[in-house]
Amino acid sequence: MADKPHQNLAIIGHVDHGKSTLVGRLLFETGSVPEHVIEQYRDEAEEKGKGGFEFAYVMDNLAEERERGLTIDIAHQEFDTDEYYFTIVDTPGHRDFVKNMITGASQADNAVLVVAADDGVQPQTQEHVFLSRTLGIGELVIAINKMDLVDYEESRYQTVIEEVKQLLEQVQFAAADTSFIPISAFEGDNVAELSDNTPWYDGQTILEALNDLPEVEPPTDAPLRLPVQDVYTISGIGTVPVGRVETGVLEPDTNVTFQPSDAGGEVKTVEMHHEEVPRAEPGDNVGFNVRGIGKDDIRRGDVCGPADDPPSVADTFQAQVVVMQHPSVITPGYTPVIHAHTAQVACTFESLDTKLDPASGDVQEDAPDYIQSGDAAVVTLRPQKPLSLEPSSEIPELGSFAVRDMGQTIAAGKVLEVEEK
Ligand code: GDP
């Protein structure tokens with residue numbers, strides 16, 4: 001599986017519209033459930049005289065994981081098509097989807113939007129589509145699910161896709177690249193094979209649409225940016241920062257700097273999976289050794305970049321934020337914690353510059369007195385400690401953040417401009 005290009009896939013949509021069932025169906029149809037596991041269940045089911053058990057097995061397993069509160073849930077499940085190897089990442093609403101997406105832990109490349117045919121577009125459908133656009137999801141495959149519940153009626157399918165198209169237009173998600181597919185995750189219609197139940201549909205199956213997604217181009221041409229996750233001291237080697245290359249390449253014999261700690265030196269060796277490598281690229285998790293820095297010179301939250309193109313350090317930064325859930329209102333002076341890449345820094349909302357129409361992005365009001373849940377705004381933030389960030393237009397991987405307060409993600413943001421000291 002691993003030699004195919006990889007994609008992170010999010011499954012989004014309103015609660016109960018069938019996201020877990022679709023994941024179960026995808027795992028089952030692609031043979032991603034180990035054969036011995038299915039065998040075992042088949043035997044048990046035969047003893048009890050039950051049919052249709054294999055798929056039920058996958059679903060039971062997913063449900064059990066959820067009940068046990070395991071972090072696996074439907075996330076981190078894997079399957080492959082002819083072209084790609086997919087990892088399912090968090091679903092919005094599950095734990096810290098937004099934070100994970102922003103800090104890169106589960107940045108999804110593309111998403112499947114599940115909309116139940118009997119229920120149509122619902123509040124979470126809107127919220128997830130809006131977040132997907134803000135957080136930079138590439139393409140959506142749209143599954144109109146539970147077609148069995150509406151007798152596989154084409155007219156109902158058309159009504160629902162019109163609702164979805166309207167929503168995409170509202171949030172300015174380019175609808176041209178999206179495919180719409182009538183499915184039943186439960187029965188398996190149009191997931192792996194075209195179904196006789198929808199003779200009026202001759203488009204792609206879900207697996208075909210996933211297989212046709214554009215390849216994700218790793219941002220190797222951008223300057224190196226590697227947020228530091230941890231710093232170790234290894235005897236005989238020295239100081240070893242570890243982290244994931246977000247953009248650019250990391251190579252031995254190059255000079256790097258760590259910001260905002262402002263320490264630097266020459267990269268001696270780069271290791272991945274305990275083996276020395278000549279070069280690390282975006283997505284690679286590495287440990288590397290830098291001549292001339294001590295363990296206490298750098299820390300988690302620093303960003304490593306080329307000495308001649310160092311990561312920016314914000315004195316203040318202007319950002320576009322979307323407030324998702326705040327119990328009251330946000331006014332200038334408010335100081336929550338910003339989570340960006342591996343950094344967590346308290347930042348003060350210094351000014352609320354403009355309030356935006358969340359759908360179109362047009363300016364609605366200059367210098368609003370406050371913003372609240374559902375609002376989008378351009379604001380200026382001042383980190384209380386040095387923080388390395390980049391404008392999203394230049395290096396998107398280092399240009400988004402989550403605003404956290406009271407254990408919740410209250411807003412998502414995109415950096416517009418960085419004002420350095
Ligand atoms: P999630 O909250 O979006 O993950 O939704 P689930 O996958 O847990 O599904 C919610 C309910 O809808 C469950 O009872 C499923 O069995 C049911 N369901 C999911 N897909 C289908 C489908 O295609 N047809 C029918 N009839 N029921 C479905």
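Look a little higher up for the structure.
Note that this is a predicted model, so its numbers are computed, not measured.

Undergrad: Break down the site of the ligand for me, citing the residues and quoting the values.
TA: Taken together, 16 residues sit near the ligand, with D16, K19, S20, T21 and D148 positioned nearest. In this structure, D16 approaches the ligand through a main-chain N or O atom, which is 2.8 Å from an oxygen atom. Bound to the protein, the ligand loses 77% of the 580 Å² it would expose on its own. Tallying contributions element by element places helix α1 (residues 19-29) first for the shell around the ligand, with 3 residues. Split by residue class, the shell around the ligand holds 4 nonpolar, 7 polar and 5 charged.

Undergrad: Which residues make up the pairing of strand β1 (residues 6-13), and what values do they have?
TA: Among the 8 residues in β1, 7 count as buried, and that is most of the element. Of the strand pairs in this sheet, β1 and strand β3 (residues 85-89) are connected by 5 bridges, and their pairing is parallel. Residue pairing for β3: H6 is matched across the bridge by Y85. Across 5 bridges, β1 lies against strand β4 (residues 110-116) in parallel orientation. Among the inter-strand pairings, L9 is bridged to a residue of β4, identified as N110.

Undergrad: So what about the environment of R382? Which residues, and what values?
TA: Its place among the elements puts R382 in strand β18 (residues 376-383). Residues R382 and Y232, spaced 150 residues apart in sequence, show a C-alpha to C-alpha distance of 30 Å. Once you skip the residues sitting within four places of it in the chain, R382 turns out to touch D315, T316, A346, C347, T348 and E350. Within polar-contact distance, the side chain of R382 engages the side chain of D315 at 3.5 Å. Separated by 2.5 Å, the side chains of R382 and E350 make a polar contact.

Undergrad: Now, about the pattern of salt bridges: what can you tell me, with residues and values included?
TA: Counted under the stated rule, the structure contains 12 salt bridges. For R244, the salt bridge is made with E246, and the minimal N-O distance between the two is 2.9 Å. You can call R244 partly exposed: its relative accessible area is 22%. Taking relative accessible area as the criterion, E246 reaches 14% and is therefore assigned buried. The partner of R382 in a salt bridge is E350, with the nearest N and O atoms 2.5 Å apart. Of this pair, R382 sits in strand β18 while E350 sits in strand β16 (residues 343-356), placing them 32 residues apart in sequence. Overall, R382 belongs to the partly exposed group, its relative accessible area being 30%. You can call E350 partly exposed: its relative accessible area is 37%.

Undergrad: Describe the environment of M147, naming the residues involved and giving the relevant values.
TA: Residue placement: M147 occurs in the loop between β5 (140-145) and α6 (154-170). Each C-alpha atom, one on M147 and one on T198, is 9.0 Å from the other, the two residues being 51 residues apart in sequence. Sequence-distant contacts of M147, that is, excluding residues within four places in its chain, are made with A117, Y152, E153, Y157, P182, I183, S184 and W200.

Undergrad: Before we move on, could you go through the packing of aromatic side chains and cite the residues and values that matter?
TA: Throughout the structure, instances matching the rule amount to 7 aromatic pairs. Ring centres of Y84 and F86 lie 5.8 Å apart, and the angle between their planes is 75 degrees; on these two criteria the pair is classed as edge-to-face. Accessibility expressed as a relative area gives 0% for F86, which makes it buried. An aromatic cluster of three or more residues is present, and its members are F79, Y84 and F86.

Undergrad: Tell me about α6, and name the residues and values.
TA: The terminal C-alpha atoms of α6 lie 24 Å apart, and with 17 residues this matches the ideal 24 Å at 1.5 Å per residue to within 8%. Inspection of α6 places Y157, V160, I161, V164, L167 and L168 among the buried residues, and these make up the whole buried set. The buried residues of α6 all sit within an arc of 115 degrees when viewed along its axis, so they share a single face. Exposed side of α6, more than 90 degrees from the buried face: Q166 and E169 are the residues found there. Contact partners of the buried residues in α6: β4, α5 (123-134), β5 and β6 (179-182).

Undergrad: Any details on the nonpolar core? Residues and values, ideally.
TA: One finds F79, V112, I144, V164, I206 and L210 to be the most contacted residues of the largest nonpolar core, which totals 58 residues. Among the elements that take part in this core, α6 stands out by supplying 6 residues, more than any other. Both domain 1 (6-212) and domain 3 (313-420) contribute no fewer than three residues apiece to this core. Core analysis: the second largest hydrophobic core is formed by 26 residues, A314, F317, I338 and A343 among them.

Undergrad: Give a detailed account of the sheet that holds β3, specifying residues and quantitative values.
TA: Reading across the sheet, the 6 strands line up as β2-β3-β1-β4-β5-β6 and stay open at both edges, with mixed pairing between neighbours. Edge positions in the open sheet fall to β2 (78-80) and β6, since each of these has one partner strand only. Direction aside, the axes of adjacent strands within the sheet are offset by 25 degrees on average. Pairing of β4 with β5, which is carried by 6 bridges, proceeds in the parallel orientation. The partner of V114 across the bridge, within β5, is A143. The sheet strands contacting α5 are β1 and β4, and the helix crosses β1 at an angle near 150 degrees.

Cut-offs and rules
Residues numbered from 1 in each chain as written. Predicted model: local features only at pLDDT ≥ 70, side-chain atom pairs only at ≥ 80, totals over all residues. Heavy atoms only, no water. Near = heavy atom within 4 Å. Polar contact = N/O pair within 3.5 Å; in protein donor to acceptor, adjacent residues only side chain to side chain. Areas by Shrake-Rupley, 256 points an atom, 1.4 Å probe, with all protein chains shown as cover. Helix = DSSP H or I, 4+ residues; strand = E, 2+ residues; numbered from the N terminus. Nonpolar A, V, L, I, M, F, W, Y, C, P; charged D, E, K, R; others polar. Buried < 20%, exposed > 50% of the residue type's maximum accessible area, 1.4 Å probe, protein only. Pairing = 2+ DSSP bridges. Contact = heavy atoms within 4.5 Å. Salt bridge = Lys/Arg side-chain N within 4 Å of Asp/Glu carboxyl O. Phe/Tyr/Trp six-rings, centres within 6.5 Å; stacked < 30°, edge-to-face > 60°. Expected span 1.5 Å × (residues − 1). Arc of directions from axis to C-beta. Core = buried A, V, L, I, M, F, W, Y, C linked by side-chain atoms within 4.5 Å. Domains from an automatic or database assignment. Axes fitted to C-alpha atoms, helices over the stretch in contact; angles between N-to-C directions.

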